[in-house]
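Below, each chain spelled out in residue letters.
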Amino acid sequence: MESVKVASVLSPGQPFTIEERPVPRPGPEELLVRVAACGLCASDLHLLEGLEPPPGVTFPVVPGHEIAGEVVEVGQRVSGISPGDRVAVHPNVPCGRCASCEQGRSNICVNPQVIGYHRLGGYCEYTTIPAAGAIRIPPTLPWEQAAIVPDAVTTPYHALVTRGDLRPGESVAVFGVGGLGAHALLVARLAGASRIIAIVRRREAGERAREFGATDVVISTEGNPARAVKELTGGGADLAADFTGTAAFIAAAGASVRMGGRAVVAGMTGEKIALMSSVHFARWEIALLGAYASSPWEARRVMALAGSGKLDLSRSVTHRFPLDQVNAAFDCLRDRSRNPIRIVLLP
């Protein structure tokens, strides 16, 4: 094997180009992985739409940070991992030296590298990954489900459980039920939430929300969603989480919690946050929390939950494409009428 197929973005705003490149070689602390599945993420769509990439990204770039595959070769300084092992990869590669890393919060590392942006991604047949970020895949978990765990599933786990401190018996309102929000519903149910309210814009998304564990659905276009949440919970949710990043939904999330409640913002756009009057915010002692990505230990915990069946991801992957059809896969991601949850490439 002298060359492998890759899907690269040659410059911002351009579609993918399928190329042949030499087989990548793993460094001393890396693994060479045969990619079995790689999930699509909306953040990759930004490259195709010409939006400003993260700092440090150079083109051409091979995206893809939701990777699962088989280890083919290990670097000289790697121990505990062997060829033939099944692994996924945590997408963030922390520096290990900044204050955040020293505090155990590597997800907000000051100087991170991100697989698929600063390093070779998974939209290819073979890729290299840092051995430190490898996450073992339980034998019961299919490739495509394992691929999405470290990002699409662990990100809402971090938002609800780690940052939001969701406890058994509490009520939670989930704003937006796309790839992250749908898994937030699964996480909320697993965490023992007593009432799980999904706030969506379209009725079709509401139907999906019930399949993923919502006890109640609020259609935001049919009234005031914050008022609806308060009526359903008798005063407000214990925890609200936004997975859209839109100003309207973030404001509604903040307004939907009870006195002393918590609101977590995990969705990201360029829109500015505007919540409520300072009197309401202070008098009600509302906590507003940001949540970004996750840590490797959280990803390993979520992978174990998925492998044990406690976290059922069997409905998570709704569309599959071969690598050659990567542009069609992103057309599907853009087309919300096709109602994708998670889309994967199968090289």
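Please refer to the structure higher up on the page.
Thresholds applied
- Residues numbered from 1 in each chain as written.
- Predicted model: local features only at pLDDT ≥ 70, side-chain atom pairs only at ≥ 80, totals over all residues.
- Heavy atoms only, no water.
- Core = buried A, V, L, I, M, F, W, Y, C linked by side-chain atoms within 4.5 Å.
- Buried < 20%, exposed > 50% of the residue type's maximum accessible area, 1.4 Å probe, protein only.
- Helix = DSSP H or I, 4+ residues; strand = E, 2+ residues; numbered from the N terminus.
- Pairing = 2+ DSSP bridges.
- Polar contact = N/O pair within 3.5 Å; in protein donor to acceptor, adjacent residues only side chain to side chain.
- Axes fitted to C-alpha atoms, helices over the stretch in contact; angles between N-to-C directions.
- Parallel < 35°, antiparallel > 145°, perpendicular 65-115°, else oblique.
- Left-handed = near helix turned anticlockwise from the far one by under 90°.
- Contact = heavy atoms within 4.5 Å.
- Phe/Tyr/Trp six-rings, centres within 6.5 Å; stacked < 30°, edge-to-face > 60°.

A. Expanded view of the nonpolar core. Judged by nonpolar contacts, the single largest core of 52 residues is most densely connected at Leu 160, Leu 166, Val 172, Leu 185 and Met 303. Secondary structure elements with two or more residues in this core: helix 3 (143-163), strand 10 (171-175), helix 4 (179-190), strand 11 (195-200), helix 5 (203-211), strand 13 (237-242) and helix 9 (296-308). Ranked by the residues each element gives to this core, the list is headed by helix 3, at nine residues. Membership of the second largest hydrophobic core comes to 43 residues, among which are Leu 48, Ile 67, Leu 323 and Cys 332.

B. Spatial organisation of the pairing of strand 4 (residues 66-74). Where strand 3 (residues 30-39) lies against strand 4, eight bridges are found, and the strand directions are antiparallel. Considered in strand 4, the bridge of Cys 38 is made with Ile 67.

C. Molecular detail of the environment of Arg 21. Considering the arrangement of structural elements, one finds Arg 21 in strand 2 (residues 16-22). The partly exposed category is assigned to Arg 21, whose relative accessible area is 27%. Side chain to side chain, Arg 21 and Glu 19 meet in a polar contact 3.4 Å long.

D. Just the packing of helix 3 against helix 4, in detail. The geometry of helix 3 relative to helix 4 is characterised by a closest axis approach of 8 Å and an angle of 60° between their N-to-C directions. Classed by the angle they form, the pair helix 3 and helix 4 counts as oblique. When you trace helix 3 past helix 4, the crossing you get is right-handed. Across the interface between the two elements, Ile 148, Asp 151, Ala 152, Val 153, Thr 155, Pro 156, Tyr 157, Leu 160 and Val 161 of helix 3 pack against Gly 179, Leu 180, His 183, Ala 184, Val 187 and Ala 188 of helix 4.

E. The arrangement of the sheet that holds strand 15 (residues 287-290) in detail. What the six strands build is an open sheet, ordered 12-11-10-13-14-15; its pairing is parallel. The open sheet terminates on both sides in strands that have one partner only, identified here as strand 12 (216-219) and strand 15. For this sheet, the mean angle separating the axes of adjacent strands, direction not counted, is 20°. Across four bridges, the pairing between strand 10 and strand 13 is parallel. Paired with Val 172 across the two strands is Leu 239, which belongs to strand 13.

F. Local environment of the packing of aromatic side chains. This model, assessed by the stated rule, comprises four aromatic pairs. Ring centres of Phe 16 and Tyr 123 lie 5.7 Å apart, and the angle between their planes is 70°; on these two criteria the pair is classed as edge-to-face. You can see Phe 16 sitting in strand 2 and its partner Tyr 123 sitting in the loop between strand 7 (113-114) and strand 8 (126-130), a full 107 residues away along the chain. Ring plane angle 75° and centroid distance 5.6 Å describe the contact between Phe 175 and Phe 249, whose orientation is recorded as edge-to-face. With Phe 175 in strand 10 and Phe 249 in helix 7 (residues 247-255), this pair connects stretches of sequence that are 74 residues apart.

G. Up close: the side chain of Arg 342. Structurally, Arg 342 is set in strand 17 (residues 342-345). Within polar-contact distance, the side chain of Arg 342 engages the side chain of Glu 66 at 2.6 Å. Other than its neighbours up to four places away in sequence, Arg 342 contacts Leu 40, Cys 41, Glu 66, Ile 148, Asp 151, Ala 152, Gly 179, Ser 316, Val 317, Thr 318 and His 319.

Worth remembering: the numbers are spatial, not functional.
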